[in-house]
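Architecture at a glance
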Amino acid sequence: MKTRGTWLVAAILLLAATIAGLNLAYHWSRTREAITYFGPDDVVLIRSAKQVQLVRQIDGNEQRRDISHVADLDDLQKALVEDASYRFPGVDSPCEPDWPIALEFHQDGKTCTIAIDLDCGQIKSAGRENGLDAAPIQDGLREFIDYAVSRSTPILVTDGSE
């Protein structure tokens, strides 16, 4: 009787380890290209940052908004690091991005910035020359940014002279 219990526990542990391995392989296969582009440290920061700011260039001025508590931010963070969000390799486009929007992910003194051009459907990590073709999430990204702007207020930046 004791032997059957031991085998049952061993079978459950083996099943749990197998499921964990399959889960890891599944997520790795969904993020391999994104990890290669952003780098593992930035992927972790994008996915787990506790503070996220939306930065927009409006009429030559920079406007910042803290969107850390906006609904669906977690879904955006997840989408940014999944390969399904991009076309690999990207499609050549005559559109020349000007990067009027950025998302800044902050945590533990580290920052990762992603520039966005919604009109061209491209995303670019700061410090990278080439961007990613984000056409698969272009409409959803536009909707999220519009929603985030409607649910947040601009951060007032002082120049220290007051």
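For the structure itself, consult the block above.
Summary of the structure given here.

**Quick word on the nonpolar core**
By size, the foremost hydrophobic cluster in this structure holds 33 residues, and its most contacted members are Leu80 and Phe105. Mapped onto this core, the elements with two or more residues apiece are helix H1 (2-38), helix H2 (40-48), strand S1 (51-58), helix H3 (73-80), strand S3 (101-107), strand S4 (110-117) and helix H4 (138-150). At five residues, H4 tops the list of elements feeding residues into this core. In this view, phenylalanine 105 contacts Leu45, Ile46, Ala49, Gln51, Val52, Gln77, Leu80, Lys110, Thr111, Cys112 and Ile114; residues no more than four positions away in its chain are not counted.

**Details of H4**
An ideal rise of 1.5 Å per residue puts 18 Å on 13 residues; H4 measures up with 18 Å between its terminal C-alpha atoms. Residues Gln138, Leu141, Phe144, Ile145, Ala148 and Val149 constitute the buried set of H4. All buried residues of H4 project into a common sector of 130° when viewed along the axis, lining one side. Exposed and oriented more than 90 degrees from the buried face of H4 are Asp139 and Glu143. Looking at the packing, one finds that the buried side of H4 touches S1, strand S2 (61-66), H3, S3, S4 and strand S5 (122-125).

The rules behind these values
- Residues numbered from 1 in each chain as written.
- Predicted model: local features only at pLDDT ≥ 70, side-chain atom pairs only at ≥ 80, totals over all residues.
- Heavy atoms only, no water.
- Core = buried A, V, L, I, M, F, W, Y, C linked by side-chain atoms within 4.5 Å.
- Buried < 20%, exposed > 50% of the residue type's maximum accessible area, 1.4 Å probe, protein only.
- Helix = DSSP H or I, 4+ residues; strand = E, 2+ residues; numbered from the N terminus.
- Contact = heavy atoms within 4.5 Å.
- Expected span 1.5 Å × (residues − 1).
- Arc of directions from axis to C-beta.

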